[in-house]
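# Results of the structural survey
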Amino acid sequence: MTVQERPGAAYRPTPPPEWRPRTDPAPLLPDTEPYRVLGTDAVDGADPQLLLRLYAELVRGRRYNVQATALTKQGRLAVYPSSTGQEACEVAAALALEERDWLFPSYRDTLAAVARGLDPVEALTLLRGDWHTGYDPRERRIAPLCTPLATQLPHAVGLAHAARLKGDDVVALAMVGDGGTSEGDFHEALNFAAVWQAPVVFLVQNNGFAISVPLAKQTAAPSLAHKAVGYGMPGRLVDGNDAVAVHEVLSEAVTRARRGGGPTLVEAVTYRIDAHTNADDATRYRGDGEVDAWREHDPILLLERDLTARGLLDEDTANAARDAAETMAAQLRERMNADPVLDPMDLFTHVFAEQTTQLREQAAQLRAELDAESGDAAHGAEGEAR
């Protein structure tokens, strides 16, 4: 109130309290340059086993991207948004989480889901126009692959906030591209997360383009990580092609969230080597020179250099990683080349917990049509036999 009422006295203005910032913004601001580990002295403190695991997952992830892209050309996938060049972000996001945590991926993050343990075929099921998400989100602790931009972010905040209210020791990690940061859902999610101090980590994969729109035409902010301070959470800027750095930054953010420290916004600066999807022609908005420059900063190449220099990677170890990746690709090809057995009645499964009257009517109509079609086919077969 700006006025006080006293018995027997007139209204008298009450001065508002002195305004002051709720939080010192300085600790929330990101570094001026992306954080790096590979190629610096910081790599000496990294766990050798973690480095080798990251390497194996990167190699497998690259092969997965190549194979999935080939499947689109063969007509086995309707579309595939490749994450070639971004594998460090995908793998690090998966490995930074505990089994009880939740991953909220975007449509480009199939590799993160696979690195978290999802069956590679199940991760591609949605992209071939098959059964719903292709997997059970509750069982896998992986939300459905999200095609609408940034709509998974408020969902991640809601789940994280609900988990904390229930006393569950759970963190949600939500992934989004630079284009998604221009959506209202991004701003709403960050605002709610900070106000509620929800245990959620936002990972922005800044790959340079929102389809064909460069970042400079989306925002004038110094970096996307700087947006964090406006909501009252820390912003971290990291080299998205440095798998060790991304894993370290995300692990710290997850730990902070689990301990009640609230959300963190992490911007990983990376690059989309392939086109937006197989339906996109990237040559219309970027040159080969730009792509070639980023190939020199390839996440696998960066990690190989450090592992080799430290004596952790020899030809046998590298070949073992490649062989495992080829085995995965061969199995993926074989299984994706088999036509799925589809039940049209699955259209009505998992739409609502309890089907509405309209859905029951539609399901009954489809069932009658399928039964009639099956009966006609049976009569036709009898006639041919005669």
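Note that this is a predicted model, so its numbers are computed, not measured.

Within the element layout of this structure, T110 appears in helix α3 (residues 110–115). Each residue touching T110, except ones within four places of it in the same chain, is listed here: Y64, Y80, E90, A123, L127 and L145.

Within the secondary structure, T72 is located in helix α1 (residues 48–73). On the accessibility criterion, T72 (11% relative accessible area) is buried. At 2.5 Å, the side chain of T72 forms a polar contact with the backbone oxygen of T69. For T72, the residues in contact, after removing those within four places along its chain, are L77, V79, Y80 and N278.

Among the nonpolar cores identified, the biggest contains 63 residues, and Y55, Y64, L124, L173, L250 and L303 are the most heavily contacted of them. Leave out the neighbours within four places in its chain, and Y64 touches Y80, T110, L111, V114, P120, A123, L124, M328 and L332. Judged by nonpolar contacts, the second largest core, of 27 residues, contains A143, A156, L190 and A228.

Turning our eyes to something else, we now look at the environment of A46. Mapped onto the elements of the fold, A46 is located in the loop between β2 (12–13) and α1. Taking the relative accessible area as the measure of exposure, A46 reaches 14% and is therefore buried.

Moving on: helix α6 (residues 152–166). Since the α-helix advances by 3.6 residues per turn, residues separated by three or four positions end up pointing in the same direction. Helix length check: α6, at 15 residues, gives a terminal C-alpha distance of 21 Å against a target of 21 Å (1.5 Å per residue), a fit within 8%. Here α6 has its buried residues at Q152, L153, A156, V157, A160, H161 and A163. In this fold, the buried residues of α6 make contact with β3 (102–104), β4 (172–177), α7 (184–196) and β5 (200–206). One or two residues past the end of α6 sits G167, with phi positive at roughly 85°.

Of the pockets and cavities examined, the largest pocket occupies roughly 720 Å³. Residue lining of the largest pocket: 23 residues in total, with W102, D136, P137, R138 and L159 positioned closest to the centre. Where the lining of the largest pocket is concerned, the elements lending two or more residues are β3, α5 (137–140) and α6. For the lining of the largest pocket, the element with the highest residue contribution is α6, accounting for six residues.

Per the stated rule, a full pass over the model turns up five aromatic pairs. Measuring from centroid to centroid gives 5.1 Å for Y271 and W294, while their planes differ by 10°, and the two rings are stacked. Placement of Y271 in the loop between β9 (264–269) and α9 (288–295) and of W294 in helix α9 is noted, with a sequence separation of 23 residues between them. For Y271, a relative accessible area of 3% gives the class buried. Here W294 falls in the partly exposed class, since its relative accessible area comes to 24%.

Cut-offs used in this document
Residues numbered from 1 in each chain as written. Predicted model: local features only at pLDDT ≥ 70, side-chain atom pairs only at ≥ 80, totals over all residues. Heavy atoms only, no water. Helix = DSSP H or I, 4+ residues; strand = E, 2+ residues; numbered from the N terminus. Contact = heavy atoms within 4.5 Å. Buried < 20%, exposed > 50% of the residue type's maximum accessible area, 1.4 Å probe, protein only. Polar contact = N/O pair within 3.5 Å; in protein donor to acceptor, adjacent residues only side chain to side chain. Core = buried A, V, L, I, M, F, W, Y, C linked by side-chain atoms within 4.5 Å. Expected span 1.5 Å × (residues − 1). 1 Å grid on protein atoms, 1.4 Å probe; cavity = no way out; pocket = protein on both sides within 12 Å on 5 of 7 lines; lining within 4 Å. Points joined across faces, edges and corners; volume = space filled by probe spheres on them. Phe/Tyr/Trp six-rings, centres within 6.5 Å; stacked < 30°, edge-to-face > 60°.

These results come straight from atomic positions and should not be treated as a statement about function.
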